[in-house]
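Each chain, written out:
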Amino acid sequence: MTATLSATKTATPTADRKGDAAPLVGRAMPRVEDAALLTGVARYADDLPVRPGTLHAAVLRSPHAHAELLGIDTAAALAVPGVAAVVTGADARRLASPFLVGVRAPMEHWCLATDRVRHVGEPVAVVLADSRYLAEDALDRIAVRYRPLPPVTSIAQALDDGSEPLHPAVGSNLVNSRSFRYGDPEAAFARAARSVAVEVEYPRNSCTPMECFVVLADYDAAEDAYEVLSNFSGPFAVHPVMARALNVPGSRLRLKTPPHSGGSFGNKQAVFPYVVLMGLCARVAGRPVKWVEDRLEHLMAATSATARRMRIEAAVEPDGRVLALRMEQTEDCGAYLRAPEPASLYRNHGNLTGAYDIPNLAVTNRIVVTNKTPTGLNRGFGGGQLYYGLERLMNRVAAELGLDPLDVIRRNLVAADAMPYRTASGGTLDSGDYCATLEQAVRDGALDALKARRAALRAEGRLYGIGYAAVVEPSISNMGYITTVLTAEERRKAGPKNGAQATASVAVDPTGGVSVAVASAPQGQGHRTVLAQVVADVFGLRFEDIRVNTDLDTGKDAWSIASGNYSSRFAGAVAGAAQVAATRLRGRMAELVAGQLNCRAEDVRFAGGRVFSEANPDNGLSFSRVAAAGHWSPGTLPDGEEAALRETAFWTPEPLKAPTDADHINSSACYGFIFDFCGVEIDRTTGALRIDRYVTMHDAGRLLNPLLVEGQILGGFAHAVGTALYEEYAYGDDGRFLSGTFADYLVPTACEVPVPVILHRESPSPVTPLGAKGVGEGNCMSTPVCLANAVADALSGVAAGEVPSLPLTPAKLAALIHPPEPPRPASAAGSAAPPPAAVKGGRGLTGEGSREVPATPEQVWAILLDPRELAALLPGCEALDLAGPNAYRAEVVVGIGPVRGRYTAEVALSDLDPPNALTLTGSGSSALGSGSGTGYVTLERTATGTRVTYRYGASVGGKVAAVGGRMLDSASRLLIGQFFEKLVARAGGPAAPAKPPSLLARLLRLLGIAR
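Remember, it's a predicted structure, so these values are computed and weren't measured experimentally.

Asks: Would you take a moment to explain the sheet that holds strand β10 (residues 225–230) for this structure?
Replies: Strand pairs in the sheet, formed through backbone hydrogen bonds, run parallel or antiparallel to each other. The strand order across the open sheet formed by eight strands is β3-β5-β1-β12-β9-β10-β11-β22, and the pairing between neighbours is mixed. A strand with exactly one partner marks an edge of an open sheet, and here the two such strands are β3 (83–88) and β22 (552–553). In this sheet, strand β5 (residues 123–129) lies alongside strand β1 (residues 55–61) in antiparallel orientation, the contact comprising six bridges. Opposite Val59, over in β5, you have Val126 as the bridge partner.

Asks: Would you explain the packing of helix α19 (residues 706–726) against helix α20 (residues 778–794) in this entry?
Replies: Axes are the key here: two packed helices are described by the angle between their axes and the distance separating the axes. It is the contact of α19 with α20, at a shortest axis distance of 8 Å, that shows an interaxial angle of 45°. The pairing of α19 with α20 is recorded here as oblique in orientation. The handedness of the crossing between α19 and α20 is right-handed. For the pair α19 and α20, contact is made by Ile713, Gly716, Phe717, His719, Ala720, Thr723 and Ala724 and by Asn779, Cys780, Thr783, Pro784 and Leu787, respectively.

Asks: It is not clear to me how helix α11 (residues 383–401) should be interpreted in this structure. Could you clarify?
Replies: An α-helix turns once per 3.6 residues; consequently, residues spaced three or four apart project the same way. When the terminal C-alpha atoms of α11 are compared, their 27 Å separation across 19 residues agrees well with the 27 Å that a helix rising 1.5 Å per residue should span. Taking burial as the measure, the 19 residues of α11 include 16 buried ones, the bulk of the element. Following α11 by one or two positions, Gly402 has its phi on the positive side, about 70°.

Asks: Can you help me understand unusual backbone geometry in this one?
Replies: Negative phi is the rule for most residues except glycine; trans is the rule for most peptide bonds. Between Gly234 and the following residue, Pro235, the backbone shows a cis peptide bond with an omega angle of 10°. Here Pro235 shows up in the loop between β10 and α7 (239–245). Here the phi dihedral of Asp224 falls at roughly 50°; this positive angle occurs in a residue that is not glycine. Residue Asp224 is classed as partly exposed on the basis of its relative accessible area, which comes to 24%. A positive phi angle, near 55°, is found at Ser567, a position not held by glycine. Residue class for Ser567 comes out buried when judged on its relative accessible area of 4%.

Asks: I tried to follow the sheet that holds strand β19 (residues 502–508) on my own but got confused; where do I start?
Replies: Ordered by their spatial adjacency, four strands build an open sheet running β21-β20-β19-β26, and the pairing between neighbours is mixed. Pairing within the sheet leaves two strands with one partner each, and these edge strands are β21 (546–549) and β26 (646–651). Across the sheet, the axes of successive neighbouring strands diverge by a mean angle of 20°, strand direction being ignored. Note that strand β20 (residues 514–518) and β21 share four bridges and pair parallel. Looking at β21, one finds that Ala517 is bridged to Asn549.

Parameters at a glance
- Residues numbered from 1 in each chain as written.
- Predicted model: local features only at pLDDT ≥ 70, side-chain atom pairs only at ≥ 80, totals over all residues.
- Heavy atoms only, no water.
- Pairing = 2+ DSSP bridges.
- Helix = DSSP H or I, 4+ residues; strand = E, 2+ residues; numbered from the N terminus.
- Axes fitted to C-alpha atoms, helices over the stretch in contact; angles between N-to-C directions.
- Parallel < 35°, antiparallel > 145°, perpendicular 65-115°, else oblique.
- Left-handed = near helix turned anticlockwise from the far one by under 90°.
- Contact = heavy atoms within 4.5 Å.
- Expected span 1.5 Å × (residues − 1).
- Buried < 20%, exposed > 50% of the residue type's maximum accessible area, 1.4 Å probe, protein only.

Shown next as structure tokens:
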């Protein structure tokens, strides 16, 4: 079915406006940003000009998940014409420092690998050349020697005392563990009627913005200073981390952002190690450096959401009332604890009990490292992980007690008269009526009709379920929440951390034009539109009279370490700071003009482009004349008064304090409320899930621009559908990354994302200047678990409500619906040969087949054992030298999609049974990865020649493996086909008949797999 959008709008005046029907804040106004974006004139980082002599960088990345770095030979790469320098870990040790780590553990993370590599894709070296093409070509010439180490690829393995430590100085892959106790959870569990528990695992996923990372870096040797432009999104608390890694004070790292950014959703925070890396490269080369990340690099090695294993138990009464919770959360942060981690684990510490009135809480938080890409900010970071456990638990409580899940939610919600409500762990839920919001959603979202639809479809034998989720959405993070990972004593030594400072500057020019600058880089939120609405209302001006600049330059703009675009800060903090700055500037202008209007400053009004006395509206001046006075005639200003030309506001929410000695922390300034419900149907045969109806109700405080709010909700919902149903970071047993393209990392398109019903209720926050709260991340917290609860309901009759791990793919759901399939019968062809098996780990490839060759088995055998003939048969083989009896060393160029590399391969023939059978084994390596495999070949005499039957198993890793299974499978079939076509031709057979290329063949050619 097609859902519809529904939104409420409340416009609350922010200033008197003469001759204008309504204030701008609260109106659904289209974005002014869209004209530039849609006409192609927006200026992204890659569009900006570079200085003459700028070098282009290409990054050599580790093909191994875990290995000692034994040596790097860069001589051949440096000899390539156009290559200016090759930067390695030795340069990093000489000129840089490791990054700061957020826990007290002796681990080092450098911008380049120095002693060992700890995840596939970790930067090992950088080639700097006159063009990106030359730099990429030179990567093949770098020879790196590795000694592979046992990988750690799961939370369970990381917690095993016998696992190989990623950081030997730590001695364990459990790098931090803290326990917290709030209230009296032991007593609550003792008196409760029963306890209910769930264990869940939340997987890694990412954000996939349209624009990947871009860095332009320059080094000024005379000043020992760096100037870097990048699409870094913040938080700028990482600025001192970058400066320290470059061994300069913060004042000597000038960081700039471009006018536009192609999305972030948190990911652009993770560009900061490359800011340091490219700064180092510029210093080594003595020239500016530009680096643009490609999609394969981004998926493989940029960042991802944390994986979390969670056990959560509730002490419950017979009516479903929850008295206490016990939580065990184990967070997989990847190979390094990269700033700002462990943010994902602690961001929601103040709202661990969600929207529920649960006074007793016991929590154990563990942080482990694994041989996977480091994690970082990801839309809703930490919230999806928390609520997946909490809301699955509430659903399980209802199932085990035989209650309606909606009634369990109702009985546990925080009451309206308890607001502001202090949670067990110290959060302050600032405003809202959660129960009324839920009831409005049930009524306006037509839940009764959805229940009737479920009953009707179930009567037809169909699998249909309804799911619910109730969550609070934190916004404007307290900078001190991450320090909760430290003990109280450690925090006292480090000094207090708290607050959430936002910065905005408002200025008037001599003609009365108003400009606004904020320290927040937009990635689609509509900064320019909303800020113009806010400031125009303050001054009583037209929307078009306000000019907003969102570029940021730390060398000249006002900013703080809390600056940046993250943690749903914009509406509440950034727009609020702009309102504060504009109001202060308006107050100064009122002071200056009050004498001319013969009234008190507090009686001066701004509206309709005029400044006038409230008592006598005709007694006024134009806004432009008042604004011009400070520029053109400062001598006419009253004694002791400064010209009202510019005002900068640094605003931080008062409720945000440092953690207490008892580890209470109000981890965010304000908290929205979301209640979702949905209906889903699961195909009984295929397991495919279809979202039939989805209703999402939001209380995000005051809505500054309802149109933009709905855009944010739609985007967050689409992101969450991907997390729940499609997107998954896949790794082999040895840690090799296997989903490096959108062929395997499945991002939903508009065709897969239904339009939800969006409902609103407004409970303005008493904390923020405009009453606004965050709204863009919430569905990433609520939607995955809402869909999972619906699946549990749908499968309650066939799988006891069991829910597989995310994503909820058809294969996983079908496995719950149907009994296991019987094993595949052995093939008659080639039954004498052992079954093919891919090498453990990496991207596994298996296959089998046969071809008729117009030659006797003896002739075919002779061809296969002749080195010159074999070299001519192998696709991409440029050289084949005899290395021993039936053993060869080959140079092979292989291209898979966007990846092409030169491999040095060792090939051997064994188990020779002339002219009937042989075994072919091989392994190869290059700068792009490694591969190995085994093939079994039998020759059977036929009436017209020989039937060659083959079975093979292979494994590839590194960048080649990351292009995805679909491309590799297609490429392997194509290469085998080329081998047999050449064999038929060598044996004197006819050429294959010409025929038009198929659609697949044309697609493979476009991808570079076929010619």
